Amino acid sequence: MSVSVTVISPQGEVCTMITKKYSEFLPGMQSAEELVARVDGLSRSVDLLRAGVENEVQRDLTVAVAEFTELKQQLEQDTLVLSILKKLQEFDTALKEYNTALLEKRYIEAAQQLEKARSSLKTLESRKGFELKILKALRTELTVQTQNMLYHLGEEWQKLAVWKLPPSKETIGPESVMHSELHLCTLPSKEEEIAGPPVASVLQAFAVLGELHTKLKTFGKLLLKYILKPLISYPFLQPFVEEQSDVVILKFKSEKPDLDHSSPVEVFDKIKFILEVLHKYLLNVPVEQCVEDKKECRVTLAELLGDMIWEELSDCLIQNCLVNSIPTNSSKLEQYIEVIKSTEEFEKALKKMQFLKGDTTDLLKYARNVNSHFANKKCQDVIVAARNLMTSEIHNTVKITPDSSVALPKLPDPGSGDHVKMQKTSKLPNEMVNLENDSKLSQYTFSLPTCRISASVEKLMELAYQTLLETTASTDQCCIQLFYSVRNIFQLFYDVVPTYHKENLQKLPQLAAIHHNNCMYIAHHLLTMGHQFRYRLTNILCDGAATFVDLVPGFRRLGMECFLAQMRVQKGEILERLSSARNFSNMDDEENYSAANKAIRQVLHQLKRLGKVWQDVLPVNVYCKAMGTLLNTALSEIVTRIVALEDISAEDADRLYSLCRIMVEEGPQVFTPLPEEDKNKKYQEEVPVYVQKWMMFKELMIILQANLQEIVDQWADGKGPLAAEFSPAEVKSLIRALFQNTERRAAALAKIK
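Residues numbered from 1 in each chain as written. Predicted model: local features only at pLDDT ≥ 70, side-chain atom pairs only at ≥ 80, totals over all residues. Heavy atoms only, no water.

Asker: How would you sum up the sheet that holds strand β4 (residues 247-254)? Please name residues and give values.
Answerer: Pairing is antiparallel across the open sheet formed by four strands, whose spatial order is β1-β2-β4-β3. The outermost strands of the open sheet, each flanked by one partner alone, are β1 (161-164) and β3 (237-243). Strand after strand, the sheet turns through a mean of 20° between neighbouring axes, direction not considered. Here β3 runs beside β4; their pairing, made up of seven bridges, is antiparallel. In the sheet register, glutamine 238 faces β4, and the bridge partner there is lysine 253. (Pairing = 2+ DSSP bridges. Helix = DSSP H or I, 4+ residues; strand = E, 2+ residues; numbered from the N terminus. Axes fitted to C-alpha atoms, helices over the stretch in contact; angles between N-to-C directions.)

Here's what the structure looks like:
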């Protein structure tokens, strides 16, 4: 047996694998080629479709869009035209219905139709880019019809409320106000009864047209001017109503008032009466019921009128009624509760009639704040009264003596309620020694000396004391205001009196003396015034503020400066008169002697006149000091002139002596401080006390009549009476002038040293 063996080479295997793979690949390739062919066909079909769309469909679409846009614009234009035609139709319909309603006096409906026509016209005018020539004609027609409507409403309003007023040329016064009347229609006609209440119809129509405010404002002004304000200002006016068949007439009648100013209670009753009548026949009308889509409460005519006139009416009530009712005395403040209650009731009644809203008004606030107003009014009245006293005549005087005093208010005894409790003093045992000094001061030690002051100043002090007494029964704030008002009185005096009476105080010596006394009198009381009331005032003032002592130096200075200024004037007149005496030289010349004698007589006359003017006016001590100072001025001037002479003949000496004797004899007679002549001798004898140069003047007279030895004896080696008044140089000058140059004169001069 034979075995065959086949041997396969490597190249054969490779060929077999390639053949296998080829047989597997060939069907897939054939399928792909078929797909490619189909895709190419589809691609050609798509290209054909795209070409068709771009060439035919796109062109048709563009045409369709253009047609659609044109149709849309046409639709919008047609819609606008349609809306305009509709508004024109509404305008025309509204005017037709307006005319129908106006003829039938259905004023509210007529007014509403006018407003509809106005609304349609506004809509037409708001269309931008669409102007119609007819709009101008429509606007004109609407204006004409509106004015026509207002005319008819005005005619109806004049029938409902008719004013009969005084001629416009007359000023508003009590007599002219008496002729003011307001006629209110009460019965509508048959036609009006069908249409509704005439007042409501007319006023609501005014409200729809927006003219109610203007009409009501005019009515409110007339009501205030001719009815309400006169009732407040003139107490004699009494309102009353005269009822007729179809009209109610508001009129005035005159009644004699008990007081110059009506009480708030009476005024409130009068005002309330007027408003109640108006509310009943005219003002109780809703003015917003005709307005659609309003959810708010209906507003009445009374409320609108109240809003317009209340502020002015309230101010008038405060200024012309409540101000006058503020008490002038703190004791009457409790009685003012009645006024506050009356004010509350008055406002309550007005709120019920809807003239006022729910808030508290300035009128009630003012009435409740009576304490503050009382203090303000009291302070104002005090200052006004004080200024009137300060500007009154000074020369009307009253006599003040140590026994006299201001009618001081009687203050209550200190008690547990006082600011400061007084400590009780323990009783001294009987066996204790009394340490009190037996010698006591006079009861007049600290009293003001007898003098004359202005009656107005005495009243001024009484006013100050009474005002301080008011503070003790007032509230803390009122107490402080009143206290400082009293201080203001004196500060005002300090500024006003010297300025207001300046000319008279400079020219009239008596007024200067009275003003001096006035200032000293005020200063005297200011020392203790604060202390008297210290423990009766509020705690704030009790801590040292309640004092007037700080004003005392100023018043003393004020009085002294005025009087000293007058003294300077009098001194100037004395010196001016003595300047015409020709220096008292060459008295042997009759003309010179006559001039000197005349000057002496004029000075004495001036002093006597001043003595009479100041008599019983100045305190005695001040009088004597003043007259002594003026007489001293005259004597000092005469002495100075005579001592200055270089040559005095014997005849000159005799005549100079006679002139000096006139001064010595008549000079004391100018001291007449008291009206009783016999009481003045005491002060005339005390002339040397008040006239500093009196003894010098008498020594000069001795020298004029003495010889050399007598002069030397009077000198007495510098220890005599002559040396007490004159210096050695003055005595030597007189000796040289009186005596010739001799050995005796030289010896005498040698002894004067």
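On we go.
Asker: Report on the pattern of salt bridges, specifying residues and quantitative values.
Answerer: For the structure on display, the rule yields 19 salt bridges. Of the charged contacts in the structure, one is a salt bridge between lysine 229 and glutamate 312, with a shortest N-O distance of 2.5 Å. One end of the pair, lysine 229, is in helix α7 (residues 212-233); the other, glutamate 312, is in helix α9 (residues 301-325), with 83 residues separating them in the sequence. What makes lysine 229 partly exposed here is its relative accessible area of 26%. Residues glutamate 651 and arginine 655 are paired through a salt bridge, measuring 3.9 Å at the closest nitrogen-oxygen approach. Of this pair, glutamate 651 and arginine 655 both sit in helix α21 (residues 650-666), four residues apart, roughly one helical turn. What emerges from the salt-bridge pattern is a single network uniting Glu181, Glu242 and Lys251. (Salt bridge = Lys/Arg side-chain N within 4 Å of Asp/Glu carboxyl O. Buried < 20%, exposed > 50% of the residue type's maximum accessible area, 1.4 Å probe, protein only.)

Asker: Any chance you could break down unusual backbone geometry for me, citing the residues and the numbers?
Answerer: The backbone of glutamine 354 sits at a positive phi, close to 70°, despite the residue not being glycine. Along the chain, the position of glutamine 354 falls in the loop between α10 (337-352) and α11 (362-368). Overall, glutamine 354 belongs to the partly exposed group, its relative accessible area being 29%. With a phi close to 55°, aspartate 717 is a non-glycine residue in the positive phi region. Residue class for aspartate 717 comes out exposed when judged on its relative accessible area of 64%.

Asker: How would you summarise the packing of aromatic side chains if you had to cite specific residues and measurements?
Answerer: With the rule as written, the count across this model stands at twelve aromatic pairs. With a centroid separation of 4.6 Å and 10° between ring planes, the pair formed by phenylalanine 268 and phenylalanine 346 is classed as stacked. You can see phenylalanine 268 sitting in helix α8 (residues 264-283) and its partner phenylalanine 346 sitting in helix α10, a full 78 residues away along the chain. Assigned by exposure class, phenylalanine 268 and phenylalanine 346 land together as buried. Ring centres 6.2 Å apart and planes at 85° place the aromatic pair phenylalanine 490 and phenylalanine 555 in the edge-to-face group. (Phe/Tyr/Trp six-rings, centres within 6.5 Å; stacked < 30°, edge-to-face > 60°.)

Asker: With reference to specific residues and values, describe the side chain of histidine 501.
Answerer: Along the chain, histidine 501 falls in the loop between α14 (476-500) and α15 (502-507). Setting aside residues no more than four positions away along its own chain, histidine 501 makes contact with Met390, Thr391, Ser392 and Ile394. (Contact = heavy atoms within 4.5 Å.)

Asker: Break down the packing of α7 against α9 for me, with residues and values.
Answerer: Between α7 and α9, the shortest axis-to-axis distance is 10 Å and the interhelical angle comes to 30°. In this view, α7 runs roughly parallel relative to α9, as classed from their interaxial angle. Handedness of the α7/α9 crossing: right-handed. Facing Leu212, His213, Leu216, Lys217, Phe219, Gly220, Leu223, Leu224, Leu228, Lys229, Ile232 and Ser233 of α7, the residues of α9 in contact are Leu301, Leu304, Leu305, Met308, Ile309, Glu312, Leu313, Cys316, Leu317, Asn320 and Cys321. (Parallel < 35°, antiparallel > 145°, perpendicular 65-115°, else oblique. Left-handed = near helix turned anticlockwise from the far one by under 90°.)

Asker: So, the packing of helix α19 (residues 590-614) against α21: which residues are in play, and what are the values?
Answerer: At their nearest, the axes of α19 and α21 sit 11 Å apart, and the two run at 10° to each other. Taken as axis vectors, α19 and α21 run roughly parallel relative to one another. Counting all contacts with α19, which are made through Glu590, Tyr593, Ala596, Asn597, Ile600, Arg601, Leu604 and Lys608, the residues of α21 involved are Arg655, Ser658, Leu659, Ile662, Met663 and Glu666. Of the residues assigned to the contact of α19 with α21, the class counts are seven nonpolar, two polar and five charged. (Nonpolar A, V, L, I, M, F, W, Y, C, P; charged D, E, K, R; others polar.)

Structural measurements only, silent on function.
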